[in-house]
Amino acid sequence: MVPDQIVAGRAVSSMRRLSPRAGGYLRARAVIDATLVFLVALGVVVVSVDGPWRDRLIFVAVAMFVAGLPLEILVVNRWKIRYTRYSVDGEMVEVHRGRLFQKRLYVPSRQVLNVESTQGPLLRRQGDVYVKFTCLTEVEKLGPVSQEEFHRIRSLLVAANDRARGQV
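Fair warning: this is a prediction, and the values are worked out from it, not measured in the lab. (Residues numbered from 1 in each chain as written. Predicted model: local features only at pLDDT ≥ 70, side-chain atom pairs only at ≥ 80, totals over all residues. Heavy atoms only, no water.)

Caption draft 1: How the structure looks around the packing of helix α1 (residues 22-48) against helix α2 (residues 52-82). Closest axis-to-axis distance for the α1/α2 pair is 10 Å, and the angle between their directions is 165°. Judged on the interaxial angle alone, α2 and α1 are roughly antiparallel. Crossing hand, α1 versus α2: right-handed. Counted together, Ala22, Gly23, Leu26, Arg27, Ala30, Val31, Ala34, Thr35, Phe38, Leu42, Val45 and Val46 of α1 and Arg54, Leu57, Ile58, Ala61, Val62, Phe65, Leu69, Glu72, Ile73, Asn77, Lys80 and Ile81 of α2 form the full contact between these two elements. (Axes fitted to C-alpha atoms, helices over the stretch in contact; angles between N-to-C directions. Helix = DSSP H or I, 4+ residues; strand = E, 2+ residues; numbered from the N terminus. Parallel < 35°, antiparallel > 145°, perpendicular 65-115°, else oblique. Left-handed = near helix turned anticlockwise from the far one by under 90°. Contact = heavy atoms within 4.5 Å.)

Caption draft 2: How the structure looks around the packing of aromatic side chains. Here the structure, examined in full by the defined rule, presents 3 aromatic pairs. Plain terms: the ring middles of Tyr25 and Tyr130 are 5.9 Å apart, the flat faces sit at 75° to each other, and that makes the pair edge-to-face. Here Tyr25 is found in helix α1, whereas its partner Tyr130 is found in strand β8 (residues 128-134), with 105 residues between them in sequence. The pair Tyr25 / Tyr130 is uniform in exposure class, with both members buried. With a centroid separation of 5.8 Å and 80° between ring planes, the pair formed by Trp79 and Tyr83 is classed as edge-to-face. Judged by relative accessible area, which is 18%, Tyr83 ranks as buried. In this structure, Arg56 packs its charged tip against the face of Trp53, placed 5.3 Å from the ring centre. (Phe/Tyr/Trp six-rings, centres within 6.5 Å; stacked < 30°, edge-to-face > 60°. Buried < 20%, exposed > 50% of the residue type's maximum accessible area, 1.4 Å probe, protein only. Lys NZ or Arg CZ within 6 Å of the ring centre and 35° of its normal.)

Caption draft 3: Here's a closer look at α2. Look at α2: 44 Å from first C-alpha to last across 31 residues, which is about the 45 Å you get at 1.5 Å a residue. Every buried residue of α2 is listed here: Ala61, Leu69, Ile73, Asn77 and Ile81. In this fold, the buried residues of α2 make contact with α1 and β4 (84-88). (Expected span 1.5 Å × (residues − 1).)

Caption draft 4: Focus on the sheet that holds strand β3 (residues 16-17). Ordered by their spatial adjacency, 4 strands build an open sheet running β3-β4-β5-β6, and the pairing between neighbours is antiparallel. Strands at the two margins of the open sheet, each flanked by one partner only, are β3 and β6 (103-108). In this structure, β4 lies alongside strand β5 (residues 92-97), joined through 5 bridges in antiparallel fashion. Counterpart to Ser87 in the pairing with β5 is Glu94. Contacts from helix α4 (residues 147-164) reach β3, β4 and β5 within the one sheet, and its direction differs from that of β4 by about 45°. (Pairing = 2+ DSSP bridges.)

Caption draft 5: Summary view of the pattern of salt bridges. Per the counting criterion, the structure on display carries 8 salt bridges. As a salt-bridge pair, Asp128 and Arg21 come within 2.2 Å of each other at their nearest N and O atoms. Taken together, the positions of Asp128 in strand β8 and Arg21 in the loop between β3 and α1 put the pair 107 residues apart, joining distant regions of the chain. Judged by relative accessible area, which is 2%, Asp128 ranks as buried. Given a relative accessible area of 41%, Arg21 falls into the partly exposed group. With its nearest N and O atoms 2.9 Å apart, the salt bridge here joins Glu149 to Arg152. In this pair, Glu149 and Arg152 both sit in helix α4, 3 residues apart, roughly one turn of the helix. By relative accessible area, Glu149 is classed as buried at 9%. Members of the salt-bridge network, linked through shared partners, are Arg97, Lys103, Glu138 and Glu140. (Salt bridge = Lys/Arg side-chain N within 4 Å of Asp/Glu carboxyl O.)

Here is the structure:
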C-alpha cells in the first residue's frame, strides 16, 4: 500500500493502526487456540485410530503444531497488526484489513446503530478491548484497541448520530 494513497477522500497514512500491544494478546491467543486444537486432535487420534496409522497421525499433529504455531505468531499476527488501519470521525467509519486479501469497510457514521466493547481476561489484563460496530447489514469487529480509544470512537459516533437526528 502506498502511504500517500487517497482512499474515500482520506490519506491512508492518516489512518490509525492497531497498537503494538495488540501483538501480546494475539500471541497469547494463538498459543491457547493452537494448544487446544492440538490436544483435541491428539485425543481423537489416540481414541479412534489403532495400528500403524496412529503413530503417523500423531507425528502429523505434532509437526503441524510445531510448524503452525510459530508461523501464526511470527507471520500472521504481525500482518494482522501491520495491515489493519482504521479511521473513525463524525462522518465515516473506515476499516482496512489485509495485504494480499484486502477487506475495506466504509460506513457513514450515522448508519452505525451500536458501538460496543468486548473484553475477555487476556484483554482485561492489558486494558484493551475489541470494538464492535453494528450496522443494518453487518457487524464489524476492530481491535484490540485501548479502552481510551474505544471511548473516543464511541463518543464520536454517538455525537454523529445525535447530529443526524437533530438532537444537538
